[in-house]
Amino acid sequence: MDFMTLIDERRSVRVYERRDVEEEKLSKILHAANRAPSAGNLQAYQIAVVRSAAVRQALARAAVEQQFVGQAPVVLVFFAEPARASAKYGHRGESLYALQDATIACAYAQLAAHDLGLVACWVGAFRSKEVVEVVGAAPGQTPVALLPIGYSAERPEATSRRSLSDLTRRV
Ligand SMILES: Cc1cc2nc3c(=O)[nH]c(=O)nc-3n(C[C@H](O)[C@H](O)[C@H](O)COP(=O)(O)O)c2cc1C
């Protein structure tokens, strides 16, 4: 799909078909995440790939009972790894760059999913400690976003945006 069309057509989708996500498409989504820029190319993040129904449902509970998280056939969990960035960038690396690295990777994955005919929804509302326990994250890993991915079973209207004149300022 043309990139600007993809940007305009993407929606946060929260209802999914029961159809699984093919491993080949999942690999492409992970490849897109892996191509995202990162501070000093350190890639201070990790992605947990969750297909297990039991783990997805536990993630849905951790995401303050957002059940659609468990209903998607795949959930990606993006963790910041501050220690990877702090070695080179100190406090700025651990407090900012690692979060940004994980965030950009998630955005790439989200757009790639849509480009492949799939849908996704960024989920930021969750109890971090519970996500860490459910996925068995390593010490120091901080969950930044959940990304449930699947085939769409709804077609939400486009959401509104601020006007560019409000959003931007020419300097
Ligand atoms: C940081 C962040 C956190 C979000 N958290 C949630 C969430 O917990 N649950 C949810 O249903 N959507 C969540 N969303 C999706 C937004 O609600 C959605 O992107 C916004 O309403 C605009 O709609 P659109 O993505 O369809 O354009 C989140 C999005 C972002 C970027």
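Small disclaimer: the values here were computed from a predicted structure and weren't measured. (Residues numbered from 1 in each chain as written. Predicted model: local features only at pLDDT ≥ 70, side-chain atom pairs only at ≥ 80, totals over all residues. Heavy atoms only, no water.)

Engineer: Can you lay out the packing of helix α3 (residues 53-62) against helix α6 (residues 128-135) for me, pointing to particular residues and giving the numbers?
Structural biologist: Packing of α3 against α6 leaves a shortest axis separation of 9 Å and a crossing angle of 170°. Here α6 runs roughly antiparallel to α3, going by the angle between their axes. Of α6, the residues touching α3 (which contributes Val55, Ala58, Leu59, Arg61 and Ala62) are Glu130, Val131, Val134 and Val135. Residues belonging to the contact of α3 with α6 are distributed by class as follows: seven nonpolar, no polar and two charged. (Axes fitted to C-alpha atoms, helices over the stretch in contact; angles between N-to-C directions. Helix = DSSP H or I, 4+ residues; strand = E, 2+ residues; numbered from the N terminus. Parallel < 35°, antiparallel > 145°, perpendicular 65-115°, else oblique. Contact = heavy atoms within 4.5 Å. Nonpolar A, V, L, I, M, F, W, Y, C, P; charged D, E, K, R; others polar.)

Engineer: So what's going on with the site of the ligand? Which residues, and what values?
Structural biologist: Lining the immediate surroundings of the ligand are 13 residues, of which Ser12, Arg14, Gln66, Trp122 and Arg161 lie closest. Side-chain polar atom of Ser12 to an oxygen atom of the ligand: 2.5 Å apart, as the coordinates give it. Alone, the ligand offers 620 Å² of accessible surface; in the complex the protein occludes 61% of this. (Near = heavy atom within 4 Å. Polar contact = N/O pair within 3.5 Å; in protein donor to acceptor, adjacent residues only side chain to side chain. Areas by Shrake-Rupley, 256 points an atom, 1.4 Å probe, with all protein chains shown as cover.)

Engineer: Got a sec to walk through the packing of helix α2 (residues 23-34) against helix α5 (residues 82-115)? Specific residues and values, please.
Structural biologist: At a minimum axis separation of 7 Å, α2 and α5 run at an interaxial angle of 145°. Classified by chirality, the crossing of α5 by α2 is right-handed. Residues Ile29, Ala32 and Ala33 of α2 form the contact with α5, whose participating residues are Ala105, Tyr108, Ala109, Ala112 and Ala113. Here the contact of α2 with α5 is built from residues that sort into eight nonpolar, no polar and no charged. (Left-handed = near helix turned anticlockwise from the far one by under 90°.)

Engineer: Explain the pairing of strand β4 (residues 142-150) to me, using residue names and the numbers behind them.
Structural biologist: Burial within β4 is extensive, with eight of its nine residues counted as buried. Summarising the sheet, strand β2 (residues 74-80) and β4 pair through seven bridges and their orientation is antiparallel. Paired with Val74 across the strands is Ile149, a residue of β4. Sheet topology places strand β3 (residues 119-120) next to β4; two bridges connect them, and they run antiparallel. Residue Val119 lies in a different strand from β4, and its bridge partner there is Gly150. (Buried < 20%, exposed > 50% of the residue type's maximum accessible area, 1.4 Å probe, protein only. Pairing = 2+ DSSP bridges.)

Engineer: Talk me through unusual backbone geometry; I want residue IDs and the actual numbers.
Structural biologist: Note on backbone geometry: most residues besides glycine have negative phi, and most peptide bonds are trans. Its identity as a non-glycine residue notwithstanding, Asn41 has a phi of 55°, on the positive side. In this structure, Asn41 sits in the loop between α2 and β1 (45-50). The exposed category is assigned to Asn41, whose relative accessible area is 59%.

Engineer: Talk me through the side chain of Arg11; I want residue IDs and the actual numbers.
Structural biologist: Locating Arg11 in the fold gives a position in the loop between α1 (3-9) and α2. Buried and unpaired, Arg11 has Glu9 as its nearest opposite-charge partner, separated by 5.0 Å. Side-chain polar atoms of Arg11 contact the backbone oxygen of Glu9, separated by 3.1 Å. Arg11 has contacts with His114, Ala120, Arg155, Pro156, Glu157 and Ala158, leaving out every residue within four places of it along the chain. (Lys, Arg positive; Asp, Glu negative; His and termini not counted. Salt bridge = Lys/Arg side-chain N within 4 Å of Asp/Glu carboxyl O.)

Engineer: Requested: an account of α3, with residues and values cited.
Structural biologist: Residues of α3 that are buried: Arg56, Ala58, Leu59, Ala60 and Ala62. On its buried face, α3 sits against β1, α4 (68-71), β2, α6 and β4. Two residues or fewer past α3, Val64 is found with a positive phi of approximately 45°.

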